[in-house]
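Chain and residue survey
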Amino acid sequence: MPTFVKRPNGNWQAKIRKNGGKASQTFRTKAAARRWATEQEDKIERRQFHDPRELDSRTVGDLIADYIEEFAPVRTKLGSLNILKAGLGHLTLSEFDTRHIVRHCRARRTRDGVSPATQSQDLGFLAEVLRTARIFWDLPLHGDPVGDARVILRRSINGEAPLIGRAIVRDR
């Protein structure tokens, strides 16, 4: 059962606690607070409610480590995931976004001279980890930061070559 509290500024705060899920939000009207509380309780009952604080306590590194433990990738993929973990692993899931991916790719190009094809492959591995977390582990990840980063990284910026792309065809 939700609790409604009238705030000193005249707004209404709705608080819910049900089956281990809890949330609160402030609204201008009590009717809006009631609608929101009803929706949240329904989500809890259907097991579709996710505590937003869950993303504050988990890092990208945690996801990558869980993925490695669960799916045991080998060689190239494992190496790429460890590099991604070293570069992005400290970020919490709530703060992780497209900007961090772009910065990571720029740093790898500058520091390690990584080719566009390798960067593209690494992004594919990162996208797979995030999809697995969203679908398989039921984490409330929103958006597609890797897809958004790909749009930016495919472009030539400030006269630099694109940071991701296809492999160069080689004669063997």
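Okay, so let's go over this structure. (Residues numbered from 1 in each chain as written. Predicted model: local features only at pLDDT ≥ 70, side-chain atom pairs only at ≥ 80, totals over all residues. Heavy atoms only, no water.)

This part is about the side chain of Thr132. Secondary-structure assignment places Thr132 in helix 6 (residues 116-135). For Thr132, a relative accessible area of 12% translates into the label buried. Among residues more than four places away in sequence, those in contact with Thr132 are Tyr67, Phe71 and Trp137. (Helix = DSSP H or I, 4+ residues; strand = E, 2+ residues; numbered from the N terminus. Buried < 20%, exposed > 50% of the residue type's maximum accessible area, 1.4 Å probe, protein only. Contact = heavy atoms within 4.5 Å.)

Moving on, we come to the packing of helix 3 (residues 60-71) against helix 4 (residues 75-88). Look at helix 3 against helix 4: their axes get within 8 Å of each other, and the N-to-C directions meet at 160°. With respect to their mutual orientation, helix 3 and helix 4 come out roughly antiparallel. Judged by the twist between their axes, the crossing of helix 3 over helix 4 is left-handed. When helix 3 is examined against helix 4, the residues Val60, Gly61, Ile64, Ala65, Tyr67 and Ile68 are found in contact with a partner set consisting of Lys77, Leu78, Leu81, Asn82, Leu84, Lys85 and Leu88. Residue composition of the contact of helix 3 with helix 4, by class: nine nonpolar, two polar and two charged. (Axes fitted to C-alpha atoms, helices over the stretch in contact; angles between N-to-C directions. Parallel < 35°, antiparallel > 145°, perpendicular 65-115°, else oblique. Left-handed = near helix turned anticlockwise from the far one by under 90°. Nonpolar A, V, L, I, M, F, W, Y, C, P; charged D, E, K, R; others polar.)

With that settled, the discussion passes to a positive patch on the surface. A surface patch of positive charge is lined by Arg7, Lys15, Arg17 and Lys22. Mapped onto the elements of the fold, Arg7 is located in the loop between strand 1 (3-6) and strand 2 (12-18). With a relative accessible area of 37%, Arg7 lands in the partly exposed category. (Patch = residues over 30% accessible without salt bridge, like charges linked within 9 Å, V, L, I, M, F, W, Y side chains within 5 Å. Areas by Shrake-Rupley, 256 points an atom, 1.4 Å probe, with all protein chains shown as cover. Salt bridge = Lys/Arg side-chain N within 4 Å of Asp/Glu carboxyl O. Lys, Arg positive; Asp, Glu negative; His and termini not counted. Charge placed at Lys NZ, Arg CZ, Asp CG, Glu CD.)

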